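A look at the structure
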Amino acid sequence: MGGGRVRIVLVEDNDGLARGISYRLQDLGHGVDVLSDGDAADAFLRRETSDLLILDINLPGADGLTILRNLRARGDERPVLMLTARTETEHRVRGLDAGADDYLVKPFEMEELVARVRALTRRSPRPLRRLVALGAVSLDCDARQVSVDGRPIDMPRREVSLIERLLTAQGRAVSKQDLLDHIYGTGADVEEAAVEVHISRLRKRLRPHGLSIRVQRGIGYSLAETAAGSA
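The rules we used
- Residues numbered from 1 in each chain as written.
- Predicted model: local features only at pLDDT ≥ 70, side-chain atom pairs only at ≥ 80, totals over all residues.
- Heavy atoms only, no water.
- Pairing = 2+ DSSP bridges.
- Helix = DSSP H or I, 4+ residues; strand = E, 2+ residues; numbered from the N terminus.
- Axes fitted to C-alpha atoms, helices over the stretch in contact; angles between N-to-C directions.
- Polar contact = N/O pair within 3.5 Å; in protein donor to acceptor, adjacent residues only side chain to side chain.
- Contact = heavy atoms within 4.5 Å.
- Core = buried A, V, L, I, M, F, W, Y, C linked by side-chain atoms within 4.5 Å.
- Buried < 20%, exposed > 50% of the residue type's maximum accessible area, 1.4 Å probe, protein only.
- Parallel < 35°, antiparallel > 145°, perpendicular 65-115°, else oblique.
- Left-handed = near helix turned anticlockwise from the far one by under 90°.
- Nonpolar A, V, L, I, M, F, W, Y, C, P; charged D, E, K, R; others polar.

Take the sheet that holds strand 9 (residues 151–153) next. The strands making up a sheet associate through backbone hydrogen bonding, with each pair oriented either parallel or antiparallel. Sheet architecture is open: four strands sit in the order 6-7-8-9, paired in antiparallel fashion. Pairing within the sheet leaves two strands with one partner each, and these edge strands are strand 6 (131–134) and strand 9. Averaged over neighbouring strand pairs, the angle between their axes works out to 30° when direction is ignored. One ladder, built from three bridges, connects strand 8 (residues 145–148) with strand 9; its direction is antiparallel. From the neighbouring strand, V148 faces strand 9, where its bridge partner is R151.

And the structure:
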């Protein structure tokens, strides 16, 4: 879509439909975060970036229109594809007026959704490259490339997702569940122990470059520069 893989947030409370959309987009190589509650989705969108938001209107908690208005009020211009029922003409108009980029009426063919997503990600303007860094280590969030002193290094994609979340936390502790959601996508059926494996591998990889991953028991993990002379 648009020449590469993208990250998509899907907010849909129909479990069967959400699974179908998620599986189809993941088959195309894209990362998908799935949420079913409006309040949880609103909070998630405040802290997480994505290339596209697919948003149902009728949700438990905050409805889709409220989520959309909050998004645009924050100056968040990510493309939004609204999902609406056939009888919700008024809601479709209100959604477009509130800042939705496109809408799709249920029921729909999956390939039509894929085409709409492809069009939205293709025409959306590319933002300035997002760079985060600590010490000698930096991450180009858009290219998904980790560098040390400006020199790119190879790193498995799950470790890239892990270091991205730790770097963007700016020294604050990140919970194990938060890391799990960021690495695998919200709602993924993965045990929290998987995070410990990735943490262990990333810790060994970063140690020679002056960074350490610290544990705050009962709270989570944080990234810090290693004090001079420490092991």
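On we go.
Now for the side chain of D42. Within the secondary structure, D42 sits in helix 2 (residues 38–47). A polar contact is formed between the side chain of D42 and the side chain of N70, at a distance of 3.4 Å. Setting aside anything within four residues of it in sequence, one finds D42 in contact with I67, N70 and R74.

We now examine the environment of L59. Along the polypeptide, L59 turns up in the loop between strand 3 (52–56) and helix 3 (64–73). Between the C-alpha atoms of L59 and D37, which are 22 residues apart in sequence, the distance is 6.2 Å. Setting aside chain neighbours within four positions, we find L59 in contact with V11, E12, D13, S36, G38, G64 and I67.

Our focus in this paragraph is the nonpolar core. In terms of nonpolar packing, the biggest core is built from 25 residues, with I163, L166, L179, L202 and L223 touching the most fellow members. Elements with a minimum of two residues in this core: strand 7 (137–140), strand 8, helix 6 (157–168), helix 7 (176–184), helix 8 (193–206), strand 10 (211–216) and strand 11 (220–225). Here this core gets five residues from one element, more than from any other, and that element is helix 6. By size, the runner-up hydrophobic cluster in this structure holds 19 residues, among which are V11, L45, L65 and L68.

Moving on, we come to the packing of helix 6 against helix 7. Their axes nearest at 9 Å, the elements helix 6 and helix 7 cross at an angle of 135°. Put simply, helix 6 runs oblique to helix 7. The crossing of helix 6 and helix 7 is right-handed. Together, R158, S161, L162, E164, R165 and L166 of helix 6 and D178, L179, H182, I183 and Y184 of helix 7 make up the contact between the two elements. The class makeup of the residues in the contact of helix 6 with helix 7 is five nonpolar, two polar and four charged.

What the five strands build is an open sheet, ordered 2-1-3-4-5; its pairing is parallel. Strands with a single pairing partner mark the edges of an open sheet, and in this sheet they are strand 2 (31–35) and strand 5 (102–106). Within the sheet, the average angular offset between the axes of one strand and its neighbour, ignoring direction, is 20°. As defined by bridge partners, strand 1 (residues 7–11) adjoins strand 2 across five bridges and the pair is classed as parallel. Bridging from a neighbouring strand, R7 pairs with G31 of strand 2.

So far we have only geometry, and geometry alone does not tell us how the molecule works.
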